[in-house]
Amino acid sequence: MVADFTPGLFPFAIRSSDTDFADQLHLSSLFALMQEAAYQHAELIGIGASLLDRADLTWLLSKVSVRLDRLPRWGEQVWIRTWSRGVKKLLFLRDYQLLAGSPDSEPIGRATSEWLVARKSDHRPQRPDVVLGPAGLQGVTLEIPEAFDFSCGKIEPASPRDLAADPEPLLVKFADFSAIDRNHHVNNTHYVAWSMDAAYAYFRNGPGQLLGSKTRPLDLAAIDIQYLAEIRPGDRSYLDVHPSPESDGSSILVEGLFADQVSPAFRARLTFRQI
């Protein structure tokens, strides 16, 4: 199979159930739309779930970075343009543009992501050529630019919380039935929803206490999230929030920790325009 880098364009209507109390799209709902667009585009170019299922393979998300001018609102029509950007070692690269009002409009958001192909049975990563074949990436010329003109680097861990002095995390989340997807782990969108829950709790009730109003929404400008380990059915995730040392208070690090409250399941760096 020769890799196909033709972009796909997918329309979505923003429903009331996709939005928050201020009628703007939940960040987790945006991630759900991106996931759906990625799955549909993968099907179009011949590397979708229908192919992988037959080979006992599955897609696993490793990392996503999003930059937003604004979030869409209830009732808007949006389009997600997505394309494959090839392979880096074991990682498949996929970029996105978020368009509102017209498929020809300027993007109001951009994203880049990294994916793995893994065996369904044990989620062990596989080489890209099990999907693309040994010649799959030869002779390909990319005509689509990257979503960003900068690199989204690794998110460094925060200093661990002193469990003796401060035994309680900001929030605890559970891997209940509604969070589990077809890969039998917590879906990537729930990590994002939990991160936003933690951010809101931090800025409203936690050490930040900067929102000033229980009905004031968070104006998100950017998120970088790295999925470090699978959260399985019945697991708990302990969420800690730390101010980013390089920010002016508008950027935070959310860490989702396992039961030992030390080992990370994910890290998310969120930046807001105004707090």
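As a convention, each chain's residues are numbered from 1 in the sequence order in which they are written. Note on the predicted model: pLDDT of at least 70 is required for a residue's local features to be given, and 80 or more for side-chain atom pairs to be given and counted; whole-chain, interface and lining totals, by contrast, use all residues. Neither water nor hydrogens contribute to the side-chain values; these are computed over all heavy atoms in the structure.

Some points on the sheet that holds strand S7 (residues 220-227)
Reasoning step 1: Read from one edge to the other, the open sheet built from 10 strands follows the order S1-S3-S4-S5-S2-S7-S10-S9-S8-S6, with strand pairing classed as antiparallel. Every interior strand has two partners, whereas the edge strands, strand S1 (8-13) and strand S6 (171-174), have only one. The sheet shows a mean angle of 25 degrees between the axes of neighbouring strands, direction not considered.
Reasoning step 2: Sheet topology places strand S2 (residues 57-68) next to S7; five bridges connect them, and they run antiparallel. Among the inter-strand pairings, Val64 is bridged to a residue of S7, identified as Ile225. Paired strands, in this sense, are two strands between which DSSP finds at least two bridges. Runs of H or I in DSSP of at least four residues are treated as helices and runs of E of at least two as strands, each being numbered from the N terminus. Angular values range over 0 to 180 degrees, each being the angle between N-to-C directions of two axes fitted as lines to C-alpha atoms, with helices fitted over their stretch in contact.

Considerations on unusual backbone geometry
Reasoning step 1: At Asp56, a position not held by glycine, the phi torsion is positive, near 55 degrees.
Reasoning step 2: Examined against the element boundaries, Asp56 turns out to sit in the loop between helix H2 (49-54) and S2.
Reasoning step 3: To sort residues, take the accessible area from a 1.4 Å probe on protein chains only and compare it with the maximum for the residue type: under 20% means buried, over 50% means exposed, and anything in between is partly exposed. Residue Asp56 is classed as partly exposed on the basis of its relative accessible area of 34%.
Reasoning step 4: Even without being glycine, Lys89 reaches a positive phi, approximately 60 degrees.
Reasoning step 5: Structurally, the position occupied by Lys89 is in the loop between strand S3 (77-88) and strand S4 (91-100).

Overview of the side chain of His123
Reasoning step 1: Along the polypeptide, His123 turns up in the loop between strand S5 (109-119) and helix H3 (129-132).
Reasoning step 2: The exposure class of His123 is buried, given its relative accessible area of 9%.
Reasoning step 3: Any pair of nitrogen or oxygen atoms within 3.5 Å is treated as a polar contact; in protein, a donor-acceptor pairing is required on top of that, and neighbouring residues in sequence qualify only through side-chain atoms on both sides. Polar contacts involving the side chain of His123 include one to the side chain of Glu230, which spans 2.4 Å.
Reasoning step 4: Contact criterion: two residues are considered in contact whenever any of their non-hydrogen atoms come within 4.5 Å of each other. In this view, His123 contacts Thr58, Leu60, Ala118, Asn183, His185, Glu230 and Arg232; residues no more than four positions away in its chain are not counted.

Some remarks on the packing of aromatic side chains
Reasoning step 1: Any pair of Phe, Tyr and Trp rings, taking the six-membered ring for Trp, is counted once the centres come within 6.5 Å. Such a pair is stacked with planes under 30 degrees apart, edge-to-face with planes over 60 apart, and tilted for the rest. If you walk through the whole model with that rule in mind, you get 10 aromatic pairs.
Reasoning step 2: A ring pair is formed by Phe21 and Tyr200, whose centres lie 6.2 Å apart and whose planes are at 65 degrees; its orientation type is edge-to-face. With Phe21 in the loop between S1 and helix H1 (27-44) and Tyr200 in helix H4 (residues 188-204), this residue pair connects regions lying 179 residues apart in the sequence.
Reasoning step 3: Taken together through their ring pairs, the aromatic side chains of Tyr39, Trp59, Phe92 and Trp115 make up a single cluster.
Reasoning step 4: Two limits define a charge over a ring: the Lys NZ or Arg CZ must be within 6 Å of the ring centre, and within 35 degrees of the ring normal. The ring of Phe148 carries Arg67 above its face, with NZ or CZ at 5.4 Å from the centroid.

Looking at the environment of Arg161
Reasoning step 1: Positionally, Arg161 belongs in the loop between H3 and S6.
Reasoning step 2: In this structure, the C-alpha to C-alpha distance between Arg161 and Gln261, residues 100 residues apart in sequence, is 8.4 Å.
Reasoning step 3: Every residue in contact with Arg161, bar those within four places of it in the chain, is listed here: Asp166, Pro167, Glu168, Pro169, Asp240 and Gln261.
Reasoning step 4: One polar contact links the side chain of Arg161 to the main-chain carbonyl oxygen of Pro167, over a distance of 3.3 Å.

Regarding the environment of Pro217
Reasoning step 1: Tracing the chain through its elements places Pro217 in the loop between H4 and S7.
Reasoning step 2: Along the primary structure Pro217 and Tyr200 are separated by 17 residues, whereas in three dimensions their C-alpha atoms are 8.6 Å apart.
Reasoning step 3: For Pro217, the residues in contact, after removing those within four places along its chain, are Asp20, Phe21, Ala22 and Gln24.

A look at the pattern of salt bridges
Between side chains of opposite charge, a pair can form when the charged atoms approach closely.
Reasoning step 1: Basic side-chain nitrogens of Lys or Arg form a salt bridge, by our definition, when they fall within 4 Å of a carboxyl oxygen of Asp or Glu. Taken as a whole and judged by the stated rule, the model has 16 salt bridges.
Reasoning step 2: In this structure, Arg85 engages Asp95 in a salt bridge whose closest nitrogen and oxygen atoms are separated by 2.9 Å. Of this pair, Arg85 sits in strand S3 while Asp95 sits in strand S4, and the two are 10 residues apart along the sequence. Accessibility classification places Arg85 together with Asp95 in one group, the buried group.
Reasoning step 3: The residue Arg127 makes a salt bridge to Asp129 at a minimum N-O spacing of 3.6 Å.
Reasoning step 4: Accessibility expressed as a relative area gives 33% for Asp129, which makes it partly exposed.
Reasoning step 5: Salt bridges linked by common partners bring Asp53, Lys120 and Arg182 together as one network.

Brief notes about the pairing of S7
Reasoning step 1: Counting buried residues in S7 gives eight out of eight residues, a clear majority hidden from the surface.
Reasoning step 2: Here seven bridges tie S7 to strand S10 (residues 264-272), and the two strands are oriented antiparallel to one another. Residue pairing in the sheet places Leu220 in a bridge with Phe272 of S10.

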